[in-house]
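Residues per chain, in single letters:
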Amino acid sequence: KNPAYRRPTERRSRLGGVVDQAAPPRFAPRAATTTSMASTAVEPGFRDGPVELRGGSAGPKKFKKSWVVVKLGLCQYFNTEDFPKDQKPLDTLRLGGAAVRRADKKEAAKRDHAFVLHYPHNKKAKELFFACDTDIELRAWMTAFGESIAYANPGVFGVDLRVAVLKSKDPIPTVLTVCIAGLAAHKATEGLFRVSGSQKDVQRLRDAFDEGDAPDLAKCDVHVIGGVLKQYLRELPNPLLTMQLFPRFLEAAKLGAREQLAQCRKLVASLPREHRDALAVLLHFLSDVSKECAVNMMTARNLATCFGPTILRSGVEGDPDASLSDLVVGVTEILIDNWEVACGVKDMPPAGGGGGGGGGG
């Protein structure tokens with residue numbers, strides 16, 4: 001029931017390089033370029049190591065350092081703070097329906113960096129407290145738990161892109177591929193992505209995706225499909241262009257046209273693979289839509305206005321000021337107009353040649 005937890009001393013990536021020894025068992029890392037933010041990252045939803053723990057059905061009554069493993073919908077903890085070679089866990093928790101939140105000092109024995117895992121399925125105990133040494137460590141553990149819980153739960157909206165790809169076992173999220181396929185024959189529709197569809201129908205289509213269906217969109221209103229696609233992208237916890245690269249994309253937007261495109265190309269190449277692949281699919285489609293602008297009135301600029309704040313955002317609540325909005329729209333327009341170069345499908349054009357269109361105006 002609770003098999004001993006084993007972890008290999010090292011594992012090799014598909015590129016042949018040794019990755020860190022904190023890597024999870026069973027999972028090989030995805031191939032990625034050396035410049036990728038995700039090139040040395042372990043699988044989403046995984047973390048292990050010693051952390052102070054209290055509570056649970058088998059845990060200590062007072063905080064005690066224990067070896068904890070979080071991996072794809074499960075949490076295990078052991079009666080040791082060292083790597084538990086050939087040792088069975090004290091308990092294995094299934095994380096479906098669980099929730100994690102930061103704990104206040106009163107409930108966490110005055111610990112500054114503590115969080116609590118609430119799991120509703122255990123009759124003996126429903127909460128497990130963890131105390132970390134630093135806020136960075138706390139955030140790393142909470143991120144791992146959050147991703148692992150998302151993996152265990154049904155639903156695709158609001159799920160981190162890396163987790164969504166891992167769950168679906170497809171390189172591109174189902175919502176993205178199905179919605180784009182459903183819109184493919186309607187690229188010339190006037191007001192595409194600007195006209196709102198029925199909210200009732202949008203919710204119905206969302207629910208179908210969240211329940212694991214790949215609905216037939218042949219008879220679905222085009223504006224409903226467009227609305228669901230925008231909602232999916234808007235609710236990604238980390239947007240396609242990532243919060244981490246938000247300031248660097250804004251800096252790129254201030255450059256001249258050719259330099260802007262060259263810098264955007266570098267930044268796109270540094271995205272995690274899942275983000276980079278999904279971005280290429282979306283930009284390719286939006287580029288095709290913009291070519292029908294004489295009919296649909298959706299130029300690259302108009303599409304950038306619709307999608308820019310969705311795929312490039314900082315994560316800070318509140319509306320950005322007008323100058324930031326202009327930069328976001330401008331860099332998104334560059335990406336749509338030059339998606340093949342930006343995504344590495346084509347080489348940079350020679351100096352003085354084509355490319356670098358868009359960018360303000």
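Residues numbered from 1 in each chain as written. Predicted model: local features only at pLDDT ≥ 70, side-chain atom pairs only at ≥ 80, totals over all residues. Heavy atoms only, no water.

### Some details on the environment of T174
Quick reminder of the rule: Helix numbering and strand numbering both begin at the N terminus, where a helix is a DSSP run of H or I of at least 4 residues and a strand a DSSP run of E of at least 2. The contact criterion used throughout is that any non-hydrogen atoms of two residues lie within 4.5 Å.
Its place among the elements puts T174 in helix 3 (residues 174-183). Not counting residues within four places of it along the chain, the set of residues in contact with T174 comprises S168, F209 and A214.

### Some thoughts on helix 5 (residues 222-234)
Rules: One fewer than the residue count of a helix, multiplied by 1.5 Å, yields its expected span. Note on exposure labels: buried denotes an accessible area under 20% of the residue type's maximum, exposed denotes more than 50%, and partly exposed covers the range between, all computed with a 1.4 Å probe on protein chains only. Contacts described as polar in this section are N or O atom pairs within 3.5 Å, which, within protein, must combine one atom able to donate a hydrogen with one able to accept it, while residues neighboring in sequence count only if both atoms come from side chains.
Helix length check: helix 5, at 13 residues, gives a terminal C-alpha distance of 18 Å against a target of 18 Å (1.5 Å per residue), a fit within 8%. Most of helix 5 is tucked away, with twelve of its 13 residues classed as buried. Looking at helix 5, one finds that the buried residues are V222, H223, V224, I225, G226, G227, V228, L229, K230, Q231, Y232 and L233. Of the residues flanking the start of helix 5, the one acting as N-cap is D221, its side-chain oxygen 3.1 Å from the backbone nitrogen of H223.

### Some thoughts on the sheet that holds strand 8 (residues 114-118)
Heads up, the condition is: For two strands to pair, DSSP has to find at least two bridges joining them. Each axis is a line fitted through C-alpha atoms, taken for helices only over the stretch in contact, and angles between the N-to-C directions span 0 to 180 degrees.
Spatially, seven strands are ordered 6-5-4-3-9-8-7 in an open sheet, and the strand pairing comes out antiparallel. In the strand order of this sheet, the two ends are held by strand 6 (91-94) and strand 7 (99-102), each with one partner. Taking the axes of each pair of neighbouring strands and ignoring which way they run, one obtains an average angle of 35 degrees across the sheet. Pairing between strand 3 (residues 46-55) and strand 4 (residues 64-71): eight bridges, direction antiparallel. Looking at strand 4, one finds that L53 is bridged to K64. Strands strand 3, strand 4, strand 5 (74-77), strand 7, strand 8 and strand 9 (127-131) of the sheet are contacted by helix 1 (residues 135-152), whose axis makes an angle of about 105 degrees with strand 3.

### Regarding the side chain of S287
Among the structural elements, S287 can be located in helix 8 (residues 273-290). When residues no more than four places from it in sequence are discounted, the contact partners of S287 are I336 and W339.

### A short note on the packing of aromatic side chains
As a reminder, the rule being used: Pairing of aromatic rings covers Phe, Tyr and the six-membered ring of Trp, with a centre-to-centre limit of 6.5 Å; geometry is then stacked below 30 degrees between planes, edge-to-face above 60, and tilted otherwise. Only when the NZ of Lys or the CZ of Arg is both within 6 Å of the ring centre and within 35 degrees of the ring normal is a charge said to sit over the ring.
Counted by the stated rule, this structure contains eight aromatic pairs. Aromatic side chains W67 and F83 sit 5.7 Å apart centroid to centroid with 90 degrees between the ring planes, which places their arrangement in the edge-to-face category. Taken together, the residues W67 in strand 4 and F83 in the loop between strand 5 and strand 6 connect sequence positions 16 residues apart. On the basis of relative accessible area, F83 is assigned to the partly exposed category, the value being 28%. Seen in terms of ring centroids, F115 and F130 are 4.8 Å apart; in terms of plane orientation they differ by 10 degrees. Their pairing is stacked. With a gap of 15 residues between them, F115 in strand 8 and F130 in strand 9 connect regions that are remote in the sequence. We note that F115, like F130, is buried. One aromatic cluster is present, formed by F115, F130, W141 and F145 through successive ring pairs. Positioned above the aromatic ring of F63 is the side chain of R54, whose terminal nitrogen or guanidinium carbon lies 5.1 Å from the ring centre. The ring of F129 is capped by R54, whose NZ or CZ atom sits 4.5 Å from the centre of that ring.

### As for the nonpolar core
Here is the rule we go by: Only buried residues count toward a nonpolar core, which is a set of Ala, Val, Leu, Ile, Met, Phe, Trp, Tyr and Cys residues joined through side-chain atoms within 4.5 Å.
Ranked by internal contacts, the top residues of the largest apolar core, which has 67 residues, are F193, L233, L240, F249 and L312. Counting residues in hydrophobic clusters, the runner-up holds 20 residues, among them V68, Y77, L95 and Y119.

### Some details on the pattern of salt bridges
What counts is decided by this rule: In what follows, salt bridge is the name for a side-chain nitrogen of Lys or Arg lying within 4 Å of a carboxyl oxygen of Asp or Glu.
The tally for this structure, following the rule as stated, stands at 14 salt bridges. A salt bridge links R111 to E52, with the shortest nitrogen-to-oxygen separation between them at 2.6 Å. Taken together, the residues span a long stretch of sequence, with R111 in the loop between strand 7 and strand 8 and E52 in strand 3 at a distance of 59 residues. Judged by relative accessible area, R111 falls into the partly exposed class, the value being 27%. With a closest N to O distance of 4.0 Å, K65 and D133 form a salt bridge. You can see K65 sitting in strand 4 and its partner D133 sitting in the loop between strand 9 and helix 1, a full 68 residues away along the chain. Accessibility expressed as a relative area gives 30% for K65, which makes it partly exposed. A cluster of three or more residues bridged by salt bridges with shared partners is formed by R101, E107 and E127.

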